[in-house]
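Architecture at a glance
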Amino acid sequence: MAVFVVKIGTSTLVDVTGRFREDVLEARVRDLVRIQRQGHRPVLVTSAAIACGLAQLGIAERPTALPDLQAASAVGQGVLFERYLQAFRGHDVVPAQVLLTSRDLERRASYVNARNTLQRLIEFGAIPVINENDTTTTDDITFGDNDVLAAQVAILLRAGWLLLLTDRDGLYGPGPDGPVLIGDVPAGTLPEDVELAPMSGSGHGRGGISSKIASASMATAAGITCVIGNGAVDGVITQVAHGGHVGTRFPPTPRPRSAFKLWLRYAKPTMGRIDVDAGAARAIESRGTSLLAVGVTGSHGVFAAGDAVDVADPTGRVIGKGISGLSAEEVRHVAGMSTTDLRARLPGAPNEVIHRDQFVLVGADVV
C-alpha cells in the first residue's frame, strides 16, 4: 500500500492552557500502528517541540525572539520524542526521529539521501517521526511551518495520502447561520479561491489554515489526496485510511501542477521587489523567459541571493514571484547591464537575475 503521511499540529497536542495532551498523542500512535499492521506505510510529521520546551523552561507565553524559540526547541525535541518513544514501545513498534531543514530538500544530493533514509526506515518496519530542526534553522532556510514540511515529505516519498490534523473538524466556509464545514474542495482549486469563514486559532503553533490550504495544493498537485481533520477525534487516522470521509478532502488535481512553483507562490515568503522595464515584463509574461539584468530598472527591500522577490512592471503591477540569483545590492549595481557587463562586474554570479525555472507568474503559471 501507499505511504500515508500524517501531520499532527501543536494545537492538537497542546490545549489552550498549554497543557500537553498525552491521551491524544497515545490515541494517534494507536491509529498509526493499526494502519501499519493493515499494510499501510505511515510516516508522522509532528509539531509541539517548542511548546514542550517552553513548558520545561517555565515560559508561559510563546516568545518571538528566534534564539528563545530555538532554545525551547533544543529542550523540547528530546522531551517530545521521548513521549513518542514510550507510546510506540507499548505496541512493540520502533519510532525513528528525523530532523530536517528546508536545505535538506533543496539540494539534490541531500534530497535523495533523505528519501533513501526514510524509505529504508519504512522497510525496516519503523515509523519515522519527523520534525523541522528548529534549533539550527534561520528565517531564510525554514519551511515556515510543519504543514509545508509534511507536504514536502509526502511529495518526497510519493505518498498516496496526506492527513493534516488540527484542532478543528476541517475547513469552514461562510453559511447563512454561521460557519459551515467544507466537506470537499473541487480538484484543481487554487488556495485563493477557497472561501473561508473567519475563525480564531489557538496561538500555540505557526501553521494556520492558509498554510494548510497551500500545503494541500502542493500535495494534490503531485497526485496526493489531502485531508484536513480534527486530531482529537477517535480513530481519525484509521477512518481516513479506510476510505471514510473525514473533515475536508482535497482530491488530486486532474492536471498536475509544479509542486515547486506552488511552494514558491504560497509558502516561501517574499523579501523584496525587483522592478523591470516594459520589454522585460512582456518577455516574461508572454514567452516565459528568464529575467536578465538588462531588463531590470531597480529593486526594493533587503534580500539575499536565494530569497523570493516580487517582480513588477513599470506601472507597479506585480507580474510574478521568483527566487533571486543576486542580493538586493547586487541587483541595484547591475540594473540595465548586459550579461557580458554583469559577468565583468560580478564574476561567478549567475547570468540571470531570476531563472525562469525559479519564477511563477501571478496568473496560471503553475501548470
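See above for the structure.
Residues numbered from 1 in each chain as written. Predicted model: local features only at pLDDT ≥ 70, side-chain atom pairs only at ≥ 80, totals over all residues. Heavy atoms only, no water.

1. Considerations on a nonpolar patch on the surface
Taken together, the side chains of Leu57, Ile59 and Val75 present a nonpolar region at the surface, about 210 Å² in accessible area. Within the secondary structure, valine 75 sits in helix H4 (residues 66-89). (Patch = residues over 30% accessible without salt bridge, like charges linked within 9 Å, V, L, I, M, F, W, Y side chains within 5 Å. Areas by Shrake-Rupley, 256 points an atom, 1.4 Å probe, with all protein chains shown as cover. Salt bridge = Lys/Arg side-chain N within 4 Å of Asp/Glu carboxyl O. Helix = DSSP H or I, 4+ residues; strand = E, 2+ residues; numbered from the N terminus.)

2. Here we look at the packing of aromatic side chains
In this description, a pair of aromatic rings is defined by centroid distance and the angle of the planes. Applying the stated criterion to the full structure yields 2 aromatic pairs. Their ring planes at 20 degrees and their centres at 6.2 Å tell us that phenylalanine 4 and tryptophan 161 sit as a pair that is stacked. Within this pair, whereas phenylalanine 4 is found in strand S1 (residues 3-8), its partner tryptophan 161 is found in strand S5 (residues 161-166), the two being separated by 157 residues in sequence. Since its relative accessible area comes to 21%, tryptophan 161 is described here as partly exposed. (Phe/Tyr/Trp six-rings, centres within 6.5 Å; stacked < 30°, edge-to-face > 60°. Buried < 20%, exposed > 50% of the residue type's maximum accessible area, 1.4 Å probe, protein only.)

3. Concerning unusual backbone geometry
Even without a glycine there, the phi angle at alanine 48 is positive, about 95 degrees. Note on alanine 48: relative accessible area 4%, which makes it buried. Look at arginine 158: it is not a glycine, yet its phi comes out positive at around 55 degrees. Within the secondary structure layout, arginine 158 lies in the loop between helix H7 (146-156) and S5. Its relative accessible area of 59% is what places arginine 158 among the exposed residues.

4. What to know about the sheet that holds strand S14 (residues 359-361)
Here we have 5 strands laid out as an open sheet, ordered S11-S10-S12-S13-S14, and mixed in their pairing. Where the open sheet ends on each side, the last strands, each with one partner, are strand S11 (296-300) and S14. On average, each strand axis in the sheet is tilted by 25 degrees relative to the strand beside it, whichever way the strands run. In this structure, strand S10 (residues 270-276) lies alongside S11, joined through 4 bridges in antiparallel fashion. Bridge pairing in S11 links isoleucine 274 to serine 299. (Pairing = 2+ DSSP bridges. Axes fitted to C-alpha atoms, helices over the stretch in contact; angles between N-to-C directions.)

5. Topic: the packing of helix H2 (residues 22-37) against H4
Packed helices, taken two at a time, are described by the angle their axes make and the gap between the axes. Here H2 crosses H4 at 50 degrees, and the two axes come no closer than 9 Å. As the angle between them shows, H2 and H4 are arranged oblique. Regarding H2 and H4, the two cross each other, and that crossing is right-handed. Facing H2, whose interface residues are Glu22, Leu25, Glu26, Val29, Leu32 and Val33, H4 presents Arg83, Tyr84, Ala87 and Phe88. Class assignment of the residues belonging to the contact of H2 with H4 gives a composition of 7 nonpolar, no polar and 3 charged. (Parallel < 35°, antiparallel > 145°, perpendicular 65-115°, else oblique. Left-handed = near helix turned anticlockwise from the far one by under 90°. Contact = heavy atoms within 4.5 Å. Nonpolar A, V, L, I, M, F, W, Y, C, P; charged D, E, K, R; others polar.)

6. Focus: helix H11 (residues 278-287)
Of the positions making up H11, those classed as buried are Ala280, Ala281, Ala283 and Ile284. Viewed end-on, H11 has its buried residues packed into an arc of 165 degrees, placing them on one side of the element. Counted as exposed and oriented over 90 degrees from the buried face of H11: Arg282, Ser286 and Arg287. Where H11 is buried, its residues touch S10, strand S13 (318-323) and S14. The backbone nitrogen of glycine 279 lies 3.2 Å from a side-chain oxygen of the residue at the head of H11, namely aspartate 277. (Arc of directions from axis to C-beta. Polar contact = N/O pair within 3.5 Å; in protein donor to acceptor, adjacent residues only side chain to side chain.)

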